[in-house]
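Notes for the structure review
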Amino acid sequence: MQGRSLLIPFAIAMIIWYLINALKRTVEQRTGAKGWVSMTVSILVIIVGIALIVQLISGNIAAVSDAAPNYQANLEKFLEGAMALVGMDRVPSLQQLAEQFDVRSFIRGVAGCRRRRG
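Residues numbered from 1 in each chain as written. Predicted model: local features only at pLDDT ≥ 70, side-chain atom pairs only at ≥ 80, totals over all residues. Heavy atoms only, no water.

Here we come to helix α1 (residues 2–31). Side chains of residues three or four places apart in an α-helix project in the same direction, reflecting 3.6 residues per turn. In this model α1 runs 44 Å from its N-terminal to its C-terminal C-alpha over 30 residues, within 8% of the 44 Å that 1.5 Å per residue would give. Of all the positions in α1, only Ile20, Asn21, Lys24, Val27 and Glu28 are classed as buried. Elements that come into contact with the buried residues of α1 comprise α2 (36–85). Following α1 by one or two positions, glycine 32 has its phi on the positive side, about 85 degrees. (Helix = DSSP H or I, 4+ residues; strand = E, 2+ residues; numbered from the N terminus. Expected span 1.5 Å × (residues − 1). Buried < 20%, exposed > 50% of the residue type's maximum accessible area, 1.4 Å probe, protein only. Contact = heavy atoms within 4.5 Å.)

Next comes the structure, spelled out in structure tokens:
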């Protein structure tokens, strides 16, 4: 896991470097600008692009966090309706579900299926 924290920023930097160089070549071919001018334009375009992506993502996160209480209320209504269909008066907690789950019989069932197949 420690290598991942080092490799991810390096990979992102490589991708950005590649995009800047590709954009620099395109600017040079289309406008004839050379050297630092095309590099400056390329860097500015990449910065503006990243800023727009960050703005878009942060706007979506804000919208989801604003709508989360509505989603939760709808999910609770759905679960209550589903529990009423199966004859339960309230939704069980995760702890209650875990207490009712028998791990030994589940493993035996899975092992039995594996023996029959293999």
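Our next topic: α2. Counted at 1.5 Å a residue, the expected span for α2 with its 50 residues is 74 Å, and the 70 Å between its end C-alpha atoms agrees. Its axis deflected by about 45 degrees at alanine 67, α2 carries its strongest bend there, up to four residues before the proline proline 69. When we look at burial in α2, the residues that qualify are Ser38, Ser42, Ile46, Ala67 and Met83. Backbone geometry just after α2 places glycine 87 at a positive phi near 85 degrees. (Bend = angle between axes of the 7 residues up to and from the residue.)

For the chain, per-residue confidence averages 84 on the pLDDT scale, and residues scoring 70 or more make up 94% of the total. By mean pLDDT, the top-scoring element of the chain is α1 (90), and the lowest-scoring one is helix α4 (residues 103–117) (71). (pLDDT = per-residue confidence, 0-100.)

What follows is about a nonpolar patch on the surface. On the surface, Leu7, Phe10, Met14, Ile15, Trp17, Tyr18 and Leu19 cluster together into a nonpolar patch covering about 790 Å² of accessible area. Residue placement: leucine 7 occurs in helix α1. (Patch = residues over 30% accessible without salt bridge, like charges linked within 9 Å, V, L, I, M, F, W, Y side chains within 5 Å. Areas by Shrake-Rupley, 256 points an atom, 1.4 Å probe, with all protein chains shown as cover. Salt bridge = Lys/Arg side-chain N within 4 Å of Asp/Glu carboxyl O.)

What follows covers the packing of α1 against α2. Put simply, α1 and α2 touch, their axes get as near as 8 Å, and they point 130 degrees apart. In terms of orientation, α1 and α2 fall into the oblique class. Classified by chirality, the crossing of α2 by α1 is right-handed. Mapping the contact onto sequence places Ile16, Leu19, Ile20, Asn21, Leu23, Lys24, Val27 and Glu28 in α1 and Ser38, Met39, Val41, Ser42, Ile43, Val45, Ile46 and Ile50 in α2. Residue composition of the contact of α1 with α2, grouped by class: 11 nonpolar, 3 polar and 2 charged. (Axes fitted to C-alpha atoms, helices over the stretch in contact; angles between N-to-C directions. Parallel < 35°, antiparallel > 145°, perpendicular 65-115°, else oblique. Left-handed = near helix turned anticlockwise from the far one by under 90°. Nonpolar A, V, L, I, M, F, W, Y, C, P; charged D, E, K, R; others polar.)

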